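Read off the chains here:
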Amino acid sequence: MTTQEDIEYSQQLVAILETVWGEGFLSPGGPEEVAMVLEGSDLNGRQVLDIGCGIGGVDILLVHEYQAAHVVGIDVEEPVLEESRRRAAREGLSEHITYHLVEPGPLPFEDESFDVVFSKDAMIHIPDKAALFNDVFRVLTPGGIFVASDWMRCDANPPSADMRTYIKAEGLSFEMAPPENYEASLKEAGFENVALRDRNPWYAELARREYEQIKGPLYQILIKRAGQAETDRIIEVWRAMCVVLDSGELRPGHMRAVKPGTNS
Ligand SMILES: C[S@@+](CC[C@H](N)C(=O)[O-])C[C@H]1O[C@@H](n2cnc3c(N)ncnc32)[C@H](O)[C@@H]1O
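Let us look at the structure shown here. From a predicted model like this one, the values you see are computed outputs, not experimental measurements. Residue positions are given per chain, counted from 1 along the sequence in the order it is written. Restriction of local features to residues with pLDDT of at least 70 applies here, the model being predicted, together with a cutoff of 80 or more for giving and counting side-chain atom pairs; totals for whole chains, interfaces and linings are based on all residues. In computing side-chain values, all of the structure's heavy atoms are included and hydrogens and water are not.

1. Some points on the overall build of the chain
The condition that has to hold: In this text, helices come from DSSP runs of H or I with a minimum length of four residues, and strands from runs of E with a minimum of two, each type numbered from the N-terminal end. Using the Shrake-Rupley algorithm and a 1.4 Å probe, accessible areas are obtained, with residue cover drawn only from the displayed protein chains. His residues and chain termini do not enter the charge count, which takes Lys and Arg as positive and Asp and Glu as negative. We put the charge of a Lys on NZ, of an Arg on CZ, of an Asp on CG and of a Glu on CD.
Broken down by element type, the chain carries 10 helices and 7 strands. Principal-axis analysis of the C-alpha atoms gives the chain an extent of 50 × 45 × 35 Å. Here the chain has roughly 11,900 Å² of accessible surface; of this, 50% comes from carbon and sulfur atoms. Where the 24 positive side-chain charges of the chain centre and where its 45 negative ones centre are 5 Å apart.

This is the structure we're talking about:
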């Protein structure tokens, strides 16, 4: 069970990420990026699983904007789930979104429980992508879709010194793999129509602007919300992240895959 000491997404970190990335989001791009991840996917009336839901901003969108019938959000940290539950209640969506604290490892759901499995920038924390995709395949109904975005690494070589500096600055449990590994593991799990989209150019450019904002107009706001020490730490995180985005070693990207069969 995740204890207080294991919490990676502290209140201060969440406050900073939400300020930079938008209310309810612990990942970049907001609703526009979610729209691109979901391009061509029909969620209307579907049962959706969100792996690594964080503070739940995406789940509100999945119901409000994409008419999902029900979303189950899972995460390994209770404080972010509490925030998600409050958000769903404020939006009057508690009956449409449920949240579960899970242990890292197998998904605690019956076979064929979901029409859509979604995840945004959370699988980077999960070391065994092959096991994860086998399990995602298992919990999907035939014809079900897996749609996600994640932060990957350009190749399987050891990380560069710049990447090691970035990962150390983040201080989060990152387990990066190259896009080719994701693609191969999805196919091995049995998925069809596997497609990946590189988002490095988009985020390299946006992250530069975020870095300028954090050091400039947002600086005093972030100090007020998260304290001086965490704000200064985050400036170094963004600086180091921009280096590995510019070099192309850090490769945010989208993926989509279909479980063979017919979705009734
Ligand atoms: C970068 S945040 C993204 C949150 C959310 N998807 C968003 O886009 O705002 C990653 C989330 O994944 C969660 N996480 C880490 N390991 C996990 C695991 N094994 N299973 C489910 N969630 C996990 C973290 O606690 C965190 O809330």
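2. A look at the packing of helix α5 (residues 129-139) against helix α7 (residues 179-189)
Put simply, the test is: The axes are straight lines fitted to the C-alpha atoms, using for helices just the contacting stretch, and the angles between their N-to-C directions are given from 0 to 180°. For classification, angles of less than 35 degrees are called roughly parallel, those exceeding 145 degrees roughly antiparallel, those between 65 and 115 degrees roughly perpendicular, and all remaining angles oblique. When the near helix sits turned anticlockwise from the far one by under a right angle, the crossing is termed left-handed; a clockwise turn instead gives a right-handed crossing. Residues are treated as being in contact if the distance between any of their heavy atoms lies within 4.5 Å. Only Asp, Glu, Lys and Arg are considered charged in this grouping, and only Ala, Val, Leu, Ile, Met, Phe, Trp, Tyr, Cys and Pro are considered nonpolar; every other residue, Gly among them, is considered polar.
Direction vectors running N to C along α5 and α7 enclose 40 degrees, while the axes themselves pass 9 Å from each other. For the element pair α5 / α7, the angle class is oblique. The two elements α5 and α7 cross, and the hand of that crossing is right-handed. Residues K129, A130, F133, N134 and F137 of α5 pack against Y182, S185, L186 and A189 of α7. By residue class, the composition of the contact of α5 with α7 is 6 nonpolar, 2 polar and 1 charged.

3. Description of unusual backbone geometry
In this structure, Q67 takes a positive phi of about 55 degrees despite not being glycine. Note on placement: Q67 falls in the loop between α3 (57-64) and β2 (70-75). Positive phi is not limited to glycine here, since N193 has a value of about 50 degrees.

4. Overview of the site of the ligand
For the record, the criterion: The cutoff for a nearby residue is simple: one of its non-hydrogen atoms must lie within 4 Å of the molecule or strand. As used in this structure description, the phrase polar contact means that two N or O atoms lie within 3.5 Å; if the pair is within protein, one of them must be able to donate a hydrogen and the other to accept it, and residues adjacent in sequence are counted only when both atoms belong to side chains.
L26, S27, G52, D75 and K120 are the nearest of the 16 residues found near the ligand. S27 places a side-chain nitrogen or oxygen 2.6 Å from an oxygen atom of the ligand. Within the side chain of D75, a nitrogen or oxygen atom sits 2.6 Å from an oxygen atom of the ligand. Starting from 590 Å² of accessible surface for the ligand in isolation, the protein chains cover 94%. Here the residues of the shell around the ligand are counted per class, giving 8 nonpolar, 4 polar and 4 charged.

5. Things to note about the state of the cysteines
We apply this condition: In this description, the term disulfide denotes a pair of cysteine sulfurs within 2.5 Å.
Per the counting criterion, the structure on display carries 0 disulfides. Here C154 is not cross-linked by a disulfide; its sulfur's nearest cysteine counterpart is in C242, at 17 Å.

6. Some points on the packing of aromatic side chains
This is how it is decided: The criterion for an aromatic pair is that two Phe, Tyr or Trp rings (for Trp, the six-membered ring) have centres within 6.5 Å, with stacked assigned to planes under 30 degrees apart, edge-to-face to planes over 60 apart and tilted to the rest. Charge-over-ring placement is defined geometrically: NZ (Lys) or CZ (Arg) within 6 Å of the ring centre, and within 35 degrees of the ring normal.
Scanning all chains against the criterion turns up 10 aromatic pairs. When the ring of F133 is compared with that of Y182, the centres are 5.9 Å apart and the planes differ by 55 degrees; the resulting orientation is tilted. In this pair, F133 is assigned in helix α5 and Y182 in helix α7, connecting sequence segments 49 residues apart. Taking the centre distance of 6.1 Å and the plane angle of 45 degrees together, the rings of Y166 and F174 count as tilted. Across the ring face of Y211, the terminal group of K215 is positioned such that the distance to the ring centre comes to 4.2 Å. For K259, the ring lying beneath its charged end belongs to F137, and the centroid distance is 4.6 Å.

7. Looking at α3
Think of an α-helix as 3.6 residues a turn; residues three or four steps apart then line up on the same face. Keep this limit in mind: For the exposure calls, accessible area comes from a 1.4 Å probe over protein chains only, and a residue counts as buried if that area is under 20% of its type's maximum, exposed if over 50%, partly exposed in between.
The buried fraction of α3 amounts to 7 of the 8 residues, a majority that puts the element mostly inside the structure. By the burial criterion, the buried members of α3 are G57, V58, D59, I60, L61, L62 and V63. On its buried face, α3 sits against α2 (30-37), β1 (47-51), β2, α4 (78-90), β3 (97-101) and β4 (114-120).

8. Comments concerning α7
How we decide: By arc we mean the arc of the directions from the helix axis to the C-beta atoms, nothing more.
Buried within α7 are the following residues: P179, Y182, S185, L186 and A189. Taken around the axis of α7, the buried residues stretch over an arc of 130 degrees, which confines them to a single face. For α7, the elements touching its buried residues are α5, β5 (140-153), β6 (192-198) and β7 (250-258). Directly beyond the C-terminal end of α7, a positive phi value near 115 degrees is found at G190.

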